[in-house]
Each structure stands twice: as structure tokens, then as C-alpha cells.
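As a plain string of letters, each chain reads:
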Amino acid sequence: MTATTSAVLVAPETFELRDFPIPSIGENDGLLRMELSGICGSDVLHWGGHSAVGRNLPAILGHEIVGRIEQVGQNSAKRWGVAVGDRVIVEASFGCGLCDLCLRGSYQMCAQGQGYGGRISAGVTPHLWGAYGQHLYLPSRARLHRVGDAIPPEVGVVIGAVLANGVRWVQTIGGAGIGDTVVVFGPGPQGLAAVIAAHAAGAERIVIVGLSGDRARLGFARDCGATHTLSFDEHTLEAIADLTGGRLAHVVIDVTGSATSPAVAAEAVRPLGTFVMAGSTAAASVKLPWNELVRKEVRAHGVNSHDQPAVRAAIALAASRRYPLERMVTHRFSLGSARDALSLVRDAASSDGVIKAVIDPLDQGD
Ligand SMILES: [Zn+2]
Ligand SMILES: [Zn+2]
């Protein structure tokens, strides 16, 4: 094989299947044969032209990555601890290694935006900078984690940019711990990952808030460890107050992607608690009850990424088989159907039963 196919975003809402040459791999890089690429809610924003990715077109989206090593240089094999054929997950960011943020270890925040899924244009050699394709290029700084064949691709695809996000957002940044009350607004994949992370952290009360169309997703949240499910309406705050004897939550995380939900979610935090704001929205600004946050000395924290410690913890969680991660992938699409996949994810709120959609590059479509 000398060429590989990717679904390339060439203009807002427009994908084209394009062939690229298989890159020649040296001592310090590698090539991944994609098994599955998850569709993230942020991909919907990129696709619709509502993000900075628009400046990088043509671009290959996709930063939820699982695959097998197809080629690997001698040095990188040693450094990554992998061999040809190994199943690995790859972190969304690799960083430039040189900017201030990379040098302090926060490579996921790299000032040069070095990472997968639209942050580097497909015009930049060797082109394969996104997971919506048959292959992904692995530069020397790529962050790989070998997961072994015991973890199937359907689980591997949600470890990095889904479960590890939950771990970092709820445990590392949210500080959730034993006996805490954690409230999660939004039962999409990130909300479910937040529930799992809260449960694994030992939270006693885990409340998930969704809409009337979220019945199946809320049911799945219970299987992941949620102790209470609530519907989002004018009584939500009252219900959270009732559940907690008026004390509200230690940690509240909003992963709805809605511009209106954070105003309610932030009010559910108890004094000195933490509000974690994770949903990217297409709105120019989002309202928060600022005086309330100040009065209660609430710590408010924006989040959008995972890092190596969180991915390691997420792999351990997946390997423990304590949570039904294998049921998260509910919809599969071929590379040629990327548009259908993104439409489904965009409209997921109104179609219950959608949890995680993935692109399977081996599926030739019809
Ligand atoms: Zn994502
Ligand atoms: Zn950097």
C-alpha cells in the first residue's frame, strides 16, 4: 500500500475523502493504523466552522484515537515501549516541546497548538494529523500508551479523550474525594466519564442532570455509578438542595455544551466548592452567577483536555472492568459517512440512545 485515505474537512460542513502518500518513517517517529476514531462534541464545532480549526483547512479532524502500530522507528519504539502490531491509544496533544507551556509540562496547552484533530493543517507534511482516516502520523513527541489486546478498540477509543478527561476534570481539578457530593450536568460521553471518575474517587452522592430526552443516557449513568438522576428544569436546584440537606455539592461539572445550563449548574456548588466548566459552546459568551460564586468563594475552573497522569489512571480504570465502558460506543460510521456521524452527534440531545459515535476506517461504507 502506498496511499492512505482520510476524511478531510475542506470547508465548513464539507468533507472530502482524500488519498495521501504513506509517510516514510525514520528512527524517531511512527505510523498508526487507525482502528477507531471517536467523534467529540468539539468536532461538531470544528465541522460547523465555529472554532479556530477553520484557519487550518483543509484539516483532518479526530483526536479520540485507538489503533495498532504499523511502523515504528528504532528510537521511538524504545521510548514509547511499543512494537509493530501493538494496540495503543494516543493522546490528543503532543506539544512543540519548546514553548513556555510545554516546558512547564502542560503540553496539552502548547502555545503552538501541536496536537491532533484540526490543530495542524492537512497541508502540512506528512498530512496525517487527524484520526478520521486509515492512518495517523506519530511524530517523535506523540504521547502513546500501549493498552494491550485485552482492551478492545471500542473501549480503547474512549480512554484517552473521554475517560481521562473525566479523571482530570473531576478528580485532579475538581478535587472530588471520598464521601463527596458530585453533580454532573449533561449525560453525554463526557458526563458519563465524569460520573465514572466521581464514583472511582469514592464520591458518596453522584447526581446526573439531563433532559427529558436523555432517559437511556441517564439509565446508563446509573450503571456507571450515578446515585441520582434529575431532569433539567426550574426545580433542578431545589432538588439538589433537597438531596443534600441544603448543603449543595462539593463539585459541580457542566459538560452540556449548552450556553444556558452553566448559570444553573454554578448555583449548585456549596460554599468553598468547585465549579468545573467543560462544555464548549458556539455562543460568544456564557452567563454565570458571578456574585454568588464570589460570595461562596467557589473555585471556578475551565477545562478541555487530558494529560499523561489522567490517561494512565483511565487505562487502569478500563482494565479494572468495573464500569460498562464497552457499551459507550453506540453508533459506527465509515470514513465516507463522516458527515452523517457529525450530524448524529450534533443532534444527539434529541435522539436518546446515542452515546458515543465512532468512525471505523475499515468500514468501506456502501
Ligand atoms: Zn474531544
Ligand atoms: Zn509547545
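Residues numbered from 1 in each chain as written. Chains lettered and ligands numbered in written order. Predicted model: local features only at pLDDT ≥ 70, side-chain atom pairs only at ≥ 80, totals over all residues. Heavy atoms only, no water.

### Brief notes about the overall build of the chain
Step number 1: Helix and strand counts for the chain come out as 11 helices and 15 strands.
Step number 2: Taken against the 2.2 N^0.38 rule, which gives 21 Å for 366 residues, the C-alpha radius of gyration of the chain at 20 Å falls within 12% of a compact globule.
Step number 3: With respect to the principal axes defined by its C-alpha atoms, the chain has extents near 65 × 40 × 40 Å.
Step number 4: Of all 366 residues assigned to the chain, the portion counted as buried reaches 56%.
Step number 5: Here the contacts in the chain between residues at least 6 apart in sequence split such that 71% fall between residues at least 24 apart.
Step number 6: For the chain, the accessible surface area stands at approximately 14900 Å², while carbon and sulfur atoms represent 50% of it.
Step number 7: Across the chain, the 31 positively charged side chains and the 34 negatively charged ones have centroids separated by 5 Å. (Helix = DSSP H or I, 4+ residues; strand = E, 2+ residues; numbered from the N terminus. Rg over C-alpha atoms; globule rule 2.2 N^0.38 Å. Buried < 20%, exposed > 50% of the residue type's maximum accessible area, 1.4 Å probe, protein only. Contact = heavy atoms within 4.5 Å. Areas by Shrake-Rupley, 256 points an atom, 1.4 Å probe, with all protein chains shown as cover. Lys, Arg positive; Asp, Glu negative; His and termini not counted. Charge placed at Lys NZ, Arg CZ, Asp CG, Glu CD.)

### Let's talk about the coordination of the zinc ion (ligand 2)
Step number 1: Protein-derived ligands of the zinc ion (ligand 2) are C96 (SG), C99 (SG), C102 (SG) and C110 (SG), with the metal-ligand distances lying across 2.3 to 2.4 Å.
Step number 2: Each of the four donor atoms around the zinc ion (ligand 2) contributes to a set of angles spanning 105 to 117 degrees, which defines the coordination as tetrahedral.
Step number 3: Expressed as a motif, the donor residue spacing for the zinc ion (ligand 2) is C-x2-C-x2-C-x7-C.
Step number 4: Take C102: its relative accessible area is 11%, and that puts it in the buried class. (Donors = N, O, S within 2.8 Å, 3.2 Å for Na, K, Ca; no water. Tetrahedral: all angles 85-135°; square planar, octahedral: opposite > 155°, others 65-115°.)

### Let's talk about the environment of V354
Step number 1: Within the secondary structure, V354 sits in the loop between α11 (338-346) and β15 (356-359).
Step number 2: A relative accessible area of 4% places V354 in the buried class.
Step number 3: Placed 25 residues apart in sequence, V354 and V329 show a C-alpha to C-alpha distance of 8.4 Å.

### Remarks on helix α4 (residues 153-173)
Step number 1: Compared with an ideal rise of 1.5 Å per residue, which puts 21 residues at 30 Å, α4 spans 28 Å between its outermost C-alpha atoms and is within 8% of the ideal.
Step number 2: Most pronounced at I159, the bend in α4 amounts to some 60 degrees.
Step number 3: Among the 21 residues that make up α4, 18 are buried, leaving the element largely enclosed by the rest of the structure.
Step number 4: Count one or two residues on from α4 and you reach G175, which has phi positive near 75 degrees. (Expected span 1.5 Å × (residues − 1). Bend = angle between axes of the 7 residues up to and from the residue.)

### Description of the coordination of the zinc ion (ligand 1)
Step number 1: Only C40 (SG) and H63 (NE2) from the protein reach the zinc ion (ligand 1) as donors, at distances of 2.0 to 2.3 Å. On the criterion of sequence distance, the pair formed by C40 in the loop between β3 (30-38) and α1 (41-47) and H63 in the loop between α1 and β4 (64-72) is long-range, its members being 23 residues apart.
Step number 2: Judged by relative accessible area, C40 falls into the buried class, the value being 14%.
Step number 3: In this structure H63 comes out as buried when scored by relative accessible area, which is 12%.

### Observations concerning the sheet that holds strand β10 (residues 228-231)
Step number 1: The six strands are arranged β10-β9-β8-β11-β12-β13 in an open sheet whose pairing can be described as parallel. On the outer flanks of this sheet lie β10 and β13 (299-302), each paired with one strand and no other. Across this sheet, the average inter-strand angle for adjacent strands is 15 degrees, counted without regard to direction.
Step number 2: Bridge analysis of strand β9 (residues 205-210) against β10 gives four bridges, and the strand direction is parallel. Bridge pairing in β10 places I208 opposite T229.
Step number 3: Packed onto the sheet, α4 meets β11 (249-254), β12 (269-277) and β13 and runs at close to 155 degrees relative to β12.
Step number 4: Those strands touched by helix α5 (residues 189-200) are β8 (181-185), β9 and β11, and its axis lies near 175 degrees from that of β9. (Pairing = 2+ DSSP bridges. Axes fitted to C-alpha atoms, helices over the stretch in contact; angles between N-to-C directions.)

### Structural notes on the environment of G105
Step number 1: Summarising the element assignment, G105 is placed in the loop between α3 (100-103) and β6 (135-138).
Step number 2: For G105, a relative accessible area of 42% gives the class partly exposed.
Step number 3: Along the primary structure G105 and I208 are separated by 103 residues, whereas in three dimensions their C-alpha atoms are 33 Å apart.

### Here's the deal with helix α10 (residues 308-320)
Step number 1: Across its 13 residues, α10 extends 19 Å between first and last C-alpha, which sits within 8% of the 18 Å expected from 1.5 Å per residue.
Step number 2: Listed as buried for α10 are A310, V311, A314, I315, L317 and A318. Mapping the buried residues of α10 onto a view down its axis gives an arc of 160 degrees, with all of them on the same face. Relative to its buried face, α10 has exposed residues pointing more than 90 degrees away, namely P309 and R312.
Step number 3: Packing partners of the buried residues in α10 comprise β5 (87-90), β7 (144-146), α4 and α5.
Step number 4: The first or second residue beyond α10 is R321, which carries a positive phi of 55 degrees. (Arc of directions from axis to C-beta.)

### Side note on the packing of aromatic side chains
Step number 1: According to the stated counting rule, one finds five aromatic pairs in the structure shown.
Step number 2: Both rings, one in F15 and one in Y132, keep their centres 6.1 Å apart while their planes meet at 45 degrees; by these two values the pair is tilted. Here the residue F15 occupies a position in strand β2 (residues 14-21), and Y132 occupies one in the loop between α3 and β6, the gap between them amounting to 117 residues. The exposure classification of F15 matches that of Y132, with both residues buried. (Phe/Tyr/Trp six-rings, centres within 6.5 Å; stacked < 30°, edge-to-face > 60°.)

### Focus: the domain arrangement of the chain
Step number 1: You can read the domains of the chain as domain 1 (3-149 + 328-359) and domain 2 (163-302).
Step number 2: Measuring from the centre of the C-alpha atoms in domain 1 to the corresponding centre in domain 2 gives 28 Å.
Step number 3: Facing the 12 residues of domain 1 at the interface are 14 residues of domain 2.
Step number 4: Surface buried jointly by domain 1 and domain 2 totals about 1000 Å² across both partners, of which 62% is contributed by carbon and sulfur atoms. (Domains from an automatic or database assignment. Buried area = accessible area lost by both parts, 1.4 Å probe.)

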